[in-house]
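A look at the structure
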Amino acid sequence: MARPTWDQYFIDITHLVATRSTCLRRQVGALLVKDRNILATGYNGSPSGIRHCEETGCLRERLQVPSGERHELCRGLHAEQNAIIQAARHGVNIDGSTLYCNTMPCSICTKMLINAGIRRIVYDAGYADDLAREMVAEAGIEVVRFEREAV
């Protein structure tokens, strides 16, 4: 059995992290990595101490908000946001790190990642947000869509 590449290794971990998600619509996991070390993880879901959507129902479903629109109409935080917050809470410097995520970040998360000094984004699945793609390009962040090798 061949060892996975570093990108494969970290992308696979994002899928494990996503299993902690409490979102009823999409399970997302994120890692912040520097020098091949995991600095912080995050998954999407309600803030600590707040009832999960599993209990309250999905606000976005109730309001019929389409995917990719009106991100503020949600009880949850995105995985990327939670990873940044966890690093901040624990005093971990993420400047110059790589974000691994099982989906391409939205425009709100992209703005946070730019200001946090993220230099590379590796994602597994696409997300329909042209503004996010425009901003990472303008910021000079390397973006890689992870391609699984055929077995």
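That block above? That's the structure.
A few points on the structure. (Residues numbered from 1 in each chain as written. Predicted model: local features only at pLDDT ≥ 70, side-chain atom pairs only at ≥ 80, totals over all residues. Heavy atoms only, no water.)

**Examining the sheet that holds strand E4 (residues 120-125)**
Rules: Pairing between strands requires that DSSP locate at least two bridges from one strand to the other. Runs of E in the DSSP output that reach at least two residues are strands. Runs of H or I that reach at least four are helices, and both are numbered from the N terminus. Note on geometry: axes are lines fitted to C-alpha atoms, helical ones only across the stretch in contact, with angles between N-to-C directions running from 0 to 180 degrees. Residue contacts are defined here by distance: any two heavy atoms, one from each residue, within 4.5 Å place the two residues in contact.
Taken in spatial order, the five strands of this open sheet run E2-E1-E3-E4-E5, and their pairing is mixed. Every other strand in the sheet has two partners, leaving strand E2 (37-43) and strand E5 (142-145) as the edge strands with one partner each. This sheet shows a mean twist of 20° between the axes of neighbouring strands, independent of strand direction. In this sheet, E2 lies alongside strand E1 (residues 29-34) in antiparallel orientation, the contact comprising six bridges. Looking at the pairing, Gly 29 lines up with Tyr 43 of E2. Docked against the sheet, helix H1 (residues 6-18) engages E1, E2, strand E3 (98-103) and E4, running at close to 140° with respect to E1. Helix H4 (residues 79-89) contacts E1, E2 and E3 of the sheet and is inclined by roughly 130° relative to E2.

**Some remarks on the side chain of Ser 107**
Using the following cut-off: The buried label goes to any residue with under 20% of its type's maximum accessible area, the exposed label to any with over 50%, and the partly exposed label to all in between, with areas taken from a 1.4 Å probe on protein chains only.
Residue position: Ser 107 is located in helix H5 (residues 107-116). On the accessibility criterion, Ser 107 (11% relative accessible area) is buried. When near neighbours in sequence (up to four residues on either side) are disregarded, Ser 107 contacts Asp 129, Leu 131, Ala 132 and Met 135.

**Here's the deal with the nonpolar core**
Quick reminder of the rule: Side-chain atoms within 4.5 Å link the members of a nonpolar core, which is a set of buried Ala, Val, Leu, Ile, Met, Phe, Trp, Tyr and Cys residues.
Of all hydrophobic cores here, the largest spans 22 residues; its most connected members are Leu 32, Ile 94, Leu 99, Leu 113, Ile 118 and Ile 121. When contributions to this core are tallied by element, the ones reaching two or more residues are E1, H4, E3, H5 and E4. Ranked by the residues each element gives to this core, the list is headed by H4, at four residues. Here Leu 113 is in contact with Ile 84, Leu 99, Pro 105, Ile 118 and Ile 121, once residues within four sequence places are set aside.

**Quick notes on the environment of Asn 115**
With respect to the helices and strands, the residue Asn 115 is situated in helix H5. Expressed as a C-alpha distance, the spacing of Asn 115 and Trp 6, which sit 109 residues apart in the sequence, is 25 Å.

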